[in-house]
Amino acid sequence: MPSINLRWFLIFGALIASTGYIYSTFTGSLGMVLFCFGYLCNIKKISFLGFFQSKKFWAPILFFSITVVFLFHSNNISQGLEDISRVLPLFIYPIIFGTTKPFNLKENRFITKGFSLAVLIFLVICLAVAIFRQVQFSIEGGPFNWYFFYRFDFLKIFDQHPTYIGMYTLLAIVFIIDKSLNLFKNDWVKWLLFLSFSFFILILGSRICYGIYLILVGLFIYKAYHKQSLKVKLKAVATTIICLIVLGVICLQIPIIKERIYYTIGVNYDYQYNDSNSIKNSNDIEQGRMLLWSDAFVAIKEQPFYGHGTGSGKRVLRSVYEKNGHTSFLEKDYNTHSTYLETWLEGGFILLGSYVWMLFLLLKGSKSYTILGFFLIIVLASFTETLFLSKGLLFLSFFYCYFIRQSNE
């Protein structure tokens, strides 16, 4: 009877865990359980040598430990315990990755290709459902509505947030154009996948993802051509400029994308299908994140050094919203919409410093453009999103440890 290669339980578990919560809470939890199961199947082959030799694995554990300690001065213990359970992957994943043998090239390709295809399948399903919903709407006599296509139809089936899905999509792009991985040998397949993911980034409508996308593409163009002759470089620059112009023209033909771009640069654009009553377009909503961040700073100033304690963020913010009369923020129970402000609010300079140090260690000593791409996704998305919600936390914790382990090999 042939023996079973237990290593593949770990590899398959890593693949499922890499997709996080994009499909559902169940698949996210299942991925983590399967990855832990694969680890236990290979328990006889673990070694703590790599774990103790690299301080990079200790950074997320330090962050987790500070979060636990700061529970003791929280004004909301039950929420604090929930938050600690949510950041548990920052304790588990460093141990798993730090004590197991790094994935070889074949295993890396299996995980990253599977991840990229899983993200693509997710996006294709979303697109098909959104088109179906709009076709139904059109049959009933209504016009194709880009606003509801973006806001309500595209990610409705999985109830996901555009920026979090955009982060997964951006990382899939990084994997596809990384020549060292060479996931797809056929160049036409690579270009087709790259253009497909680029299209999905556009219709996701996340402005921070637009910016990250342009930076990532620029970096990989630089990587590909910086050692070429001046003539080749000029051709590359000219081609890039033409492509950006064409892309810009296309974007401005799609109302919802046009609206997002104009809103970002401060130009008023009134799309006729934006129903101000249905989206409660009140004054504090119009001012968006800037007003949210202003309220967050009011709360942060009360305890800037050690914060308000783990789990206290929402309760403290609600009191500020109520005091300032920001009823829409209060009704929707908004968080700070910034990872940096959220960590500062609950853990002060100590927790914020731990998070920044963790990100710095990821990039330190690395020459990998793939790691640089992931670093940029996390650092820039942290400005506008709270990544320590479940959807962002699994993405951050898994790939942080994954890249650290591979870079140490």
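Summary of the structure given here. (Residues numbered from 1 in each chain as written. Predicted model: local features only at pLDDT ≥ 70, side-chain atom pairs only at ≥ 80, totals over all residues. Heavy atoms only, no water.)

1. Here we look at the overall build of the chain
For the record, the criterion: Think of it this way: any DSSP run of H or I at least four residues long counts as a helix, any run of E at least two long counts as a strand, and we number them from the N terminus. Only protein chains enter the accessibility calculation, which uses a 1.4 Å probe; a residue whose area is less than 20% of its type maximum is buried, one above 50% is exposed, and one in between is partly exposed. Residues are treated as being in contact if the distance between any of their heavy atoms lies within 4.5 Å. Using a 1.4 Å probe, accessible areas were evaluated by the Shrake-Rupley method; residue-level cover was limited to the displayed protein chains.
Helix and strand content of the chain: 19 helices and zero strands. Counting the 409 residues in the chain, one finds 50% classified as buried. In the chain, the proportion of contacts linking residues at least 24 apart, taken out of those at least 6 apart, comes to 77%. Surface exposure of the chain reaches about 20400 Å², of which carbon and sulfur atoms provide 66%.

2. Observations regarding the packing of aromatic side chains
The condition that has to hold: Pairing of aromatic side chains here covers Phe, Tyr and the six-membered ring of Trp, requires ring centres within 6.5 Å, and sorts the geometry by plane angle: under 30 degrees stacked, over 60 edge-to-face, intermediate tilted.
Counted by the stated rule, this structure contains 45 aromatic pairs. Here F297 and W344 contribute two aromatic rings whose centre-to-centre distance is 5.9 Å and whose plane-to-plane angle is 90°, an arrangement assigned as edge-to-face. Of the two residues, F297 sits in helix α14 (residues 283–300) while W344 sits in helix α17 (residues 339–363), which places them 47 residues apart along the sequence. The exposure class of F297 is partly exposed, given its relative accessible area of 34%.

3. A short note on helix α4 (residues 58–69)
Defined as follows: Multiplying 1.5 Å by the helix residue count minus one yields the expected span of that helix.
With 12 residues, α4 should cover 16 Å at 1.5 Å per step; its first-to-last C-alpha distance of 16 Å lies within 8% of that length. For α4, the complete set of buried residues consists of A59, P60, I61, F63, F64, I66 and T67.

4. Observations concerning the packing of helix α9 (residues 162–177) against helix α11 (residues 207–225)
Where we set the bar: Lines fitted to C-alpha atoms define the axes, with helix axes restricted to the stretch in contact, and inter-axis angles between N-to-C directions lie between 0 and 180 degrees. Any angle that falls under 35 degrees is termed roughly parallel, while one over 145 is termed roughly antiparallel, one within 65 to 115 roughly perpendicular, and all others oblique. Here the nonpolar group is Ala, Val, Leu, Ile, Met, Phe, Trp, Tyr, Cys and Pro; Asp, Glu, Lys and Arg are the charged ones; every other residue, Gly included, is treated as polar.
Here α9 crosses α11 at 10°, and the two axes come no closer than 10 Å. Judged by the angle between their axes, α9 and α11 are roughly parallel. Residue-level contacts link T163, G166, M167, L170, I173, V174 and I177 of α9 to I208, C209, I212, Y213, L216 and F220 of α11. Residues belonging to the contact of α9 with α11 are distributed by class as follows: 11 nonpolar, two polar and no charged.

5. Brief notes about the environment of L317
Within the secondary structure layout, L317 lies in helix α15 (residues 313–324). Take L317: its relative accessible area is 0%, and that puts it in the buried class.

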